[in-house]
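# Understanding the architecture of this molecule
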Amino acid sequence: MFVPRRLVRAATLSLRRAHTSAPALNSVNAEDIAHFSKFLTPTSIISTLSPQPSPSSELAPFNNDWMNKYHGQSTTVIRPRSTQEVSEVVKRCNERGIGIVPQGGNTGLVGGGVPIKDELVLSLGNMNKVRSFDPVSGILVADAGCVLESLSEYLAPHNHIMPLDLGAKGSCQIGGNVSTNAGGLRLLRYGSLHGSVLGLEVVLPDGTVLDQLSTLRKDNTGYDLKQLFIGAEGTLGIVTGVSILTAPAPQSVNNVVLALPKFDNVLPLFTKAKRQLSEILSAFEFFDRTAYDLAVKHGQGRALNEDETEGAECFVLLETSGGNKDHDDEKLNGLLENLMESDEPLINTGVISQTPAQFSSLWAIREGITEAVSKEGKAYKYDISIPLAEFKHVVDTTREHLRSKGLMRDDAVKHVIGYGHVGDGNLHLNIVATNYTPEIEAALEPFVYELVAKYKGSVSAEHGVGVMKTHALHYSKSDTSIEWMKRIKQIFDPKGIMNPGKVLP
Ligand code: FAD
Ligand code: 2HG
Ligand code: ZN
């Protein structure tokens with residue numbers, strides 16, 4: 001799905017700025033622009049400080065996030081074409097104490113990819129070449145600015161797929177994926193990027209290039225430094241190249257959307273699906289009724305027939321991927337028959353895809369929920385890990401809490417919905433409001449974070465910390481852990497220029 005950059009609206013709230021304070025850093029000035037012009041092509045510099053100043057409308061897509069919730073005032077965006085150029089830009093910023101915000105596709109959902117003040121935005125989009133691919137090992141080495149979907153398209157004729165997939169694939173970049181340790185729709189099958197990323201090339205905050213672009217599956221030679229940059233959200237350095245293990249394309253895929261009479265059936269269904277489908281189960285995604293209704297309302301995927309959804313409290317999208325169509329069909333049909341035949345069926349009904357178009361259309365319902373929510377209103381997004389059994393309870397409790405505060409009304413909070421990656425224990429709790437307001441935020445925080453802490457969960461399962469959750473880190477990390485994170489940051493970035501105000505409180 002293509003995720004368009006949002007147009008900027010004039011009067012928007014900057015909710016988080018009050019909570020955050022970036023280190024004292026210098027602003028970019030005209031001399032810096034003159035310095036950059038010595039080694040960058042004119043099209044690599046977008047700046048209001050250039051001799052021919054760029055209009056601020058050109059900077060707007062880089063200063064505002066995908067949700068139009070977080071806003072910066074950067075005067076300058078640099079779009080380097082090579083690692084060497086990144087290194088030169090970073091060296092200058094380090095000397096001058098200028099904050100840098102690395103930016104990929106700007107699809108992040110926690111405000112990590114946009115400036116807080118007027119930091120320089122370093123956008124990786126011009127570094128978009130595949131460096132090498134080995135069809136035998138499946139190892140791909142690519143520039144960090146390659147868009148995820150383009151990499152999937154590149155691999156298709158070689159019968160390989162990327163080990164990750166997400167709704168933002170049309171815009172997000174592999175460097176952004178690595179820097180957020182993105183999870184997504186294939187994690188159940190292929191695991192996290194901490195496993196599939198084999199090596200990284202990183203420009204460190206002083207401009208040094210750390211070349212760890214290994215293509216080895218096994219390498220036990222001491223500390224695995226690359227792991228520090230996976231999920232660092234641009235606070236330790238700039239990822240410029242990625243070596244990643246891709247997967248052989250499955251020879252046979254199926255998907256089915258199952259309508260369930262009640263949430264309580266999700267877990268028994270997951271258990272049965274794992275047992276009966278075993279190695280071919282590749283995704284098990286959940287969305288509640290309101291999430292489904294919003295996706296349909298806003299044209300995401302093709303709606304199921306009304307009789308297929310009647311009485312359904314929630315839905316599960318289940319995918320199989322394997323190597324033998326007859327074998328996989330038999331296993332999936334066996335599961336579906338078994339589900340329908342039991343005395344108390346776990347599902348009301350299911351819709352199975354028969355063609356590639358139907359396969360995509362069923363996925364589009366699930367993948368399109370984020371897009372649908374953004375069309376419906378302004379979303380407060382809580383991306384949490386909690387025990388599977390508590391998914392519904394957390395959604396219901398949050399809704400009741402907002403009701404008790406008198407906020408469940410059309411001009412405040414319109415919907416509270418839950419969806420996510422059951423297979424990974426990751427719930428996306430979205431509160432869809434008419435506007436972002438301090439009143440709603442105060443009702444939600446720390447309420448939601450305390451609920452997560454009660455279940456010993458994580459306040460960020462996959463989207464990261466960004467600027468949104470720096471103050472909430474302590475709900476999921478001990479003081480000792482935070483202290484060591486700060487020490488690591490200090491070692492790599494003593495001047496605090498890399499993505500200031502993000503991740504660490
Ligand atoms: P950006 O948004 O540009 O940046 C994200 C963070 O990474 C920022 O802190 C930025 O500074 C840093 N960064 C970016 N590039 C680099 C680099 N080269 N070097 C160093 N730091 C860098 N996330 C999931 O985990 N799972 C999902 O299923 C999922 N689905 C989504 C669906 C939609 C419709 C949308 C809009 C978002 C979704 N996301 C999901 C969130 C987001 O897409 C991911 O976090 C994605 O990995 C961000 O990539 P990006 O290139 O857009 O990064
Ligand atoms: C998903 O799983 C993404 O669809 C986005 O992680 C979740 O928008 C969200 O809250
Ligand atoms: Zn997700």
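As annotated in an unreviewed UniProt entry, the chain is FAD-binding PCMH-type domain-containing protein from Cerrena zonata. According to UniProt, the comment filed for the chain under the heading Catalytic activity (unreviewed entry) is "(R)-lactate + 2 Fe(III)-[cytochrome c] = 2 Fe(II)-[cytochrome c] + pyruvate + 2 H(+)". The record in UniProt for the chain states the following under Cofactor (unreviewed entry): "FAD".

## Remarks on the domain arrangement of the chain
How big an interface is tends to be reported as the loss of accessible area on association of its parts. When cut into domains, the chain gives domain 1 (5-123), domain 2 (130-248), domain 3 (252-369) and domain 4 (377-462). For domain 1 and domain 3, the distance between their C-alpha centroids amounts to 43 Å.

## What to know about the coordination of the zinc ion (ligand 3)
Within the protein, His421 (NE2), His428 (NE2) and Glu462 (OE) serve as the donor atoms for the zinc ion (ligand 3), at 1.8 to 2.1 Å. Donor residues binding the zinc ion (ligand 3) come from one chain and are separated in sequence as H-x6-H-x33-E. On the criterion of sequence distance, the pair formed by His421 in strand β17 (residues 413-421) and Glu462 in the loop between α17 (447-454) and α18 (479-492) is long-range, its members being 41 residues apart. One exposure class covers both His421 and Glu462, and it is buried.

## Quick word on helix α15 (residues 391-404)
The terminal C-alpha atoms of α15, which comprises 14 residues, lie 20 Å apart, in line with the 20 Å expected from a rise of 1.5 Å per residue. Every buried residue of α15 is listed here: Phe391, Val394, Val395, Thr398, Arg399, His401 and Leu402. Mapping the buried residues of α15 onto a view down its axis gives an arc of 160 degrees, with all of them on the same face. On its buried side, α15 packs onto β13 (281-288), β16 (378-385), β17, β18 (426-433), α16 (438-444) and α17. In the stretch just after α15, Gly406 is the one whose phi turns positive, near 75 degrees.

## Some details on the site of ligand 2
In the region of ligand 2, the neighbouring residues are Leu109, Arg366, Thr370, Lys381, Tyr419, His421, His428, Asn430, Glu462 and His463. His428 is positioned with one of its side-chain polar atoms (N or O) 3.0 Å from an oxygen atom of ligand 2. Separating an oxygen atom of ligand 2 from a side-chain N or O atom of Glu462 is a distance of 2.8 Å. In the complex, 88% of the free accessible area of ligand 2, which totals 300 Å², lies under the protein chains. Comparing atom positions with the cavity grids shows ligand 2 to sit within the largest cavity. Elements with a contribution of two residues or more to the shell around ligand 2: β17 and β18. Split by residue class, the shell around ligand 2 holds two nonpolar, five polar and three charged.

## A word on the site of ligand 1
Close contacts around ligand 1 come from 35 residues, with Pro102, Gly104, Gly105, Thr107 and Gly108 the closest. In the model, an oxygen atom of ligand 1 is placed 2.6 Å from a nitrogen or oxygen of the Thr107 side chain. In the complex, the protein chains occlude 97% of the 970 Å² of accessible area that ligand 1 would expose alone. With respect to the detected pockets, ligand 1 is housed in the largest cavity. For the shell around ligand 1, the secondary-structure elements that each account for two or more residues are β3 (100-103), α5 (174-180) and β10 (238-245). By residue number, the principal contributor to the shell around ligand 1 is α5, which donates five residues. When its residues are assigned to classes, the shell around ligand 1 shows eleven nonpolar, 22 polar and two charged. Both of domain 1 (5-123) and domain 2 (130-248) provide at least three residues apiece to the shell around ligand 1.

## Brief notes about the state of the cysteines
Considering all chains together, one arrives at zero disulfides under this definition. The thiol sulfur of Cys146 is not disulfide-bonded, and the nearest other cysteine sulfur, from Cys172, lies at 12 Å. Looking at Cys146, the relative accessible area reads 3%, which means it is buried. Judged by relative accessible area, which is 3%, Cys172 ranks as buried.

## What about the nonpolar core?
Judged by nonpolar contacts, the single largest core of 59 residues is most densely connected at Leu318 and Tyr382. Top element by residues in this core is helix α9 (residues 266-277). It accounts for five residues. Those residues within four positions of Leu318 in sequence are excluded, and the remaining contacts are Asn254, Asn255, Val256, Leu258, Ala273, Leu277, Leu281, Ala283, Phe284, Leu332 and Leu335. With 30 residues, the next largest nonpolar core counts Cys146, Leu193, Val202 and Ile244 among its residues.

## Comments concerning the pairing of strand β6 (residues 139-143)
The buried count for β6 comes to five of five residues, which makes it a mostly enclosed element. With five bridges joining them, β6 and β10 adopt antiparallel strand pairing. By the bridge assignment for β10, Val141 is matched with Ser243.

Analysis parameters
Within each chain, residues carry numbers counting from 1 in the order of the written sequence. Whichever chain is written first becomes A and whichever ligand is written first becomes 1, with later ones labelled in order. Given that this is a predicted model, residues contribute local features only at a pLDDT of at least 70 and side-chain atom pairs are listed and counted only at 80 or more, while totals for whole chains, interfaces and linings are drawn from all residues. Note: side-chain values were computed over all heavy atoms of the structure, leaving out hydrogens and water. UniProt positions are given in the numbering used here, feature names are shortened, and annotations may be inferred rather than shown by experiment. Domain boundaries shown here were taken from an automatic or database domain assignment. The donor set comprises N, O and S atoms within 2.8 Å of the metal, extended to 3.2 Å for Na, K and Ca; water molecules are omitted, so apparent gaps in a site may simply reflect that omission. Secondary structure elements follow DSSP: runs of H or I of four or more residues count as helices, runs of E of two or more count as strands, with numbering from the N terminus. A simple rule labels every residue: compare its accessible area, found with a 1.4 Å probe on the protein chains alone, to the largest value its type can have, and call it buried under 20%, exposed over 50%, or partly exposed in between. Multiplying 1.5 Å by the helix residue count minus one yields the expected span of that helix. When we speak of the arc, we mean the arc of directions from the helix axis to the C-beta atoms. Residue contacts are counted whenever heavy atoms from the two residues lie within 4.5 Å of one another. Here a residue is considered near a molecule or strand provided that any single heavy atom belonging to it is located within 4 Å of it. Throughout this description, a polar contact denotes any pair of N or O atoms lying within 3.5 Å of each other; where both atoms belong to protein, one of them has to be capable of donating a hydrogen while the other can accept it, and for residues adjacent in sequence the pair is counted only when both atoms sit in side chains. Only the protein chains shown count as covering a residue, and every accessible area follows the Shrake-Rupley method with a 1.4 Å probe. Only protein atoms enter the calculation, which uses a 1 Å grid: trapped sets of points that fit a 1.4 Å probe without letting it out are cavities, open sets showing protein on both sides within 12 Å along at least five of seven lines are pockets, and any residue with an atom within 4 Å of a point is a lining residue. Any molecule with more than half of its atoms within 2 Å of a cavity's or pocket's grid points is counted as sitting in it. Residues are sorted three ways: Asp, Glu, Lys and Arg are charged, Ala, Val, Leu, Ile, Met, Phe, Trp, Tyr, Cys and Pro are nonpolar, and all the rest, Gly among them, are polar. The criterion for a disulfide is a pair of cysteine sulfur atoms lying within 2.5 Å. Definition used in this section: a nonpolar core is a set of buried Ala, Val, Leu, Ile, Met, Phe, Trp, Tyr and Cys residues joined via side-chain atoms within 4.5 Å. Any two strands with at least two DSSP bridges between them are considered paired.

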